[in-house]
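Observations on the model geometry
The primary structure of each chain is shown beneath.
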Amino acid sequence: MDKVITVIQTVLPVFLALGLGMLCRSRNFLSREGVDALKKVVINLTLPFVLLNAFATAEYSAAALILPALMFVICTLALGLGFLGVRIFRIKGRLPVFLMSGFEAGMLGYALFVLLFPNVSVSAFALPDIGQTLFVFTLYKILLSGKTDWKAIGKDMATTPILWAVAAGVLIGATGLYGLLEQWGVAGILNASTDFLSAPTGMIILLTVGYDLVIKEIPWKKTAGFIVMRLVIMAICYGVAVLLNRDLLDNVLFEGAMLLMLILPPPYVIPVFADEPDERVQISSALSAMTLVTIVLFALLSVFIGMQ
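Keep in mind it's a predicted model, so treat the numbers as computed, not measured.

**Here's the deal with the pattern of salt bridges**
Applying the stated criterion across every chain yields a total of 4 salt bridges. Asp-212 is paired through a salt bridge with Arg-32; the nearest N and O atoms lie 2.6 Å apart. Here Asp-212 is found in helix α10 (residues 201-212), whereas its partner Arg-32 is found in helix α2 (residues 32-56), with 180 residues between them in sequence. Looking at Arg-32, the relative accessible area reads 32%, which means it is partly exposed. Its salt-bridge partner being Arg-246, residue Glu-255 comes within 2.8 Å of it at the nearest N-O pair. The buried category is assigned to Glu-255, whose relative accessible area is 16%. Linked through salt bridges whose partners overlap, the residues forming this network are Arg-32, Asp-36, Lys-39 and Asp-212.

What follows is the structure in structure tokens.
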């Protein structure tokens, strides 16, 4: 009975928040502009405090620094397999290949990680996410946009609050400053502040995801191929990550964090780069479907972990 309750505690908040998001759309409680504003609040205000605390309190070691590099390699592998799959199955369009790599960690991953692994430091997810974020802002974005404007890419990275929060957290944690704050008895002030300011993150994220989920409008037959291809690629990537982690990296990677990362949908920004309206609709539908698949897989993963 305790295991069942644990599973419900993990899964129910997700579905309640998604349901409230759907309700906000159907009853016009929130406009599209309002939802976009909430997303900006998360990305620019609340999520950075999640990351600041995660990296400030993380345990740093030479081995842990390998995780961002490993994640960058996994993302590159997924993109390469995507190019191969698109060519083999003769999928038309410029953007479908980008559905095969990259992860919406910021707008979804952290909220699910905290629910799924409440007793594990968020840094276990955040360290691989550094590699994923660098991949998305460099190689992925260059290929996605079709441009090589390094100045614009550098500006995007330099003005992203998330990366500033990561840098500040690493500075506080890796230099030993957080340890000094603990000795002085004032680390609790930092923790209380970041906990309070980051508290709404999960709820807001899932609310906005629910708002965008219009299940009846998803063309499932057209998007099923994209979903299957991504799942196969992610399975291969997870196998490679586990193999490297156990044979070469001495189990420095928390494999649960990697598994959660790999079931996340692709970055929600992809439709912005669509050249044609029809392609934009196709990619947006695929992202909605993949988000729904992520929620289903999250529920199944919760049941599996809860029953252990």
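So that's the structure; there's more coming.
**Looking at the packing of aromatic side chains**
Inspection of the entire model under this criterion finds 8 aromatic pairs. Measuring from centroid to centroid gives 6.4 Å for Phe-83 and Phe-98, while their planes differ by 75°, and the two rings are edge-to-face. Taken as a pair, Phe-83 in helix α3 (residues 66-88) and Phe-98 in the loop between α3 and α4 (105-116) lie far apart in primary sequence, 15 residues in all. Here the aromatic rings of Phe-135 and Tyr-140 are separated by 5.7 Å at their centres, their planes lie at 50°, and the arrangement is tilted. Across the pair, Tyr-140 and Phe-135 agree in class, each one buried.

**Notes on the nonpolar core**
Membership of the largest hydrophobic core comes to 80 residues, with the highest contact counts inside it found for Leu-51, Leu-99, Tyr-110 and Phe-125. At 10 residues, the largest contribution of residues to this core is made by helix α13 (residues 277-306). Among all residues touching Leu-99, those that are not within four sequence positions of it are Phe-226, Arg-230, Pro-266, Ile-270, Ile-283, Ala-286, Leu-287 and Met-290. Within the second largest apolar cluster, 6 residues are counted, among which are Leu-52, Tyr-178, Leu-181 and Ala-187.

**Re α10**
Counted at 1.5 Å a residue, the expected span for α10 with its 12 residues is 16 Å, and the 17 Å between its end C-alpha atoms agrees. In terms of burial, α10 is largely enclosed, as 9 of its 12 residues are buried.

**Comments concerning the side chain of Glu-104**
Looking at where Glu-104 falls in the secondary structure, it is placed in the loop between α3 and α4. An unpaired buried charge is present at Glu-104: no salt bridge exists, and Lys-39, the closest side chain of opposite charge, is 8.5 Å distant. Among the polar contacts made by the side chain of Glu-104, one reaches the main-chain amide nitrogen of Met-107 at a distance of 3.2 Å.

**Topic: the packing of α4 against helix α12 (residues 255-263)**
Helix packing for two helices is described by the angle between their axes and how far apart those axes are. In contact at an axis separation of 10 Å, α4 and α12 are set at 140° when each is read in the N-to-C sense. One finds that α4 runs oblique with respect to α12. Judged by the sense of rotation from one axis to the other, the crossing of α4 with α12 is right-handed. Contacts from Ala-105, Gly-109, Leu-112, Phe-113 and Leu-116 in α4 reach Ala-257, Leu-260 and Met-261 in α12. Of the residues belonging to the contact of α4 with α12, the class tally is 7 nonpolar, 1 polar and no charged.

Parameters at a glance
- Residues numbered from 1 in each chain as written.
- Predicted model: local features only at pLDDT ≥ 70, side-chain atom pairs only at ≥ 80, totals over all residues.
- Heavy atoms only, no water.
- Salt bridge = Lys/Arg side-chain N within 4 Å of Asp/Glu carboxyl O.
- Helix = DSSP H or I, 4+ residues; strand = E, 2+ residues; numbered from the N terminus.
- Buried < 20%, exposed > 50% of the residue type's maximum accessible area, 1.4 Å probe, protein only.
- Phe/Tyr/Trp six-rings, centres within 6.5 Å; stacked < 30°, edge-to-face > 60°.
- Core = buried A, V, L, I, M, F, W, Y, C linked by side-chain atoms within 4.5 Å.
- Contact = heavy atoms within 4.5 Å.
- Expected span 1.5 Å × (residues − 1).
- Lys, Arg positive; Asp, Glu negative; His and termini not counted.
- Polar contact = N/O pair within 3.5 Å; in protein donor to acceptor, adjacent residues only side chain to side chain.
- Axes fitted to C-alpha atoms, helices over the stretch in contact; angles between N-to-C directions.
- Parallel < 35°, antiparallel > 145°, perpendicular 65-115°, else oblique.
- Left-handed = near helix turned anticlockwise from the far one by under 90°.
- Nonpolar A, V, L, I, M, F, W, Y, C, P; charged D, E, K, R; others polar.

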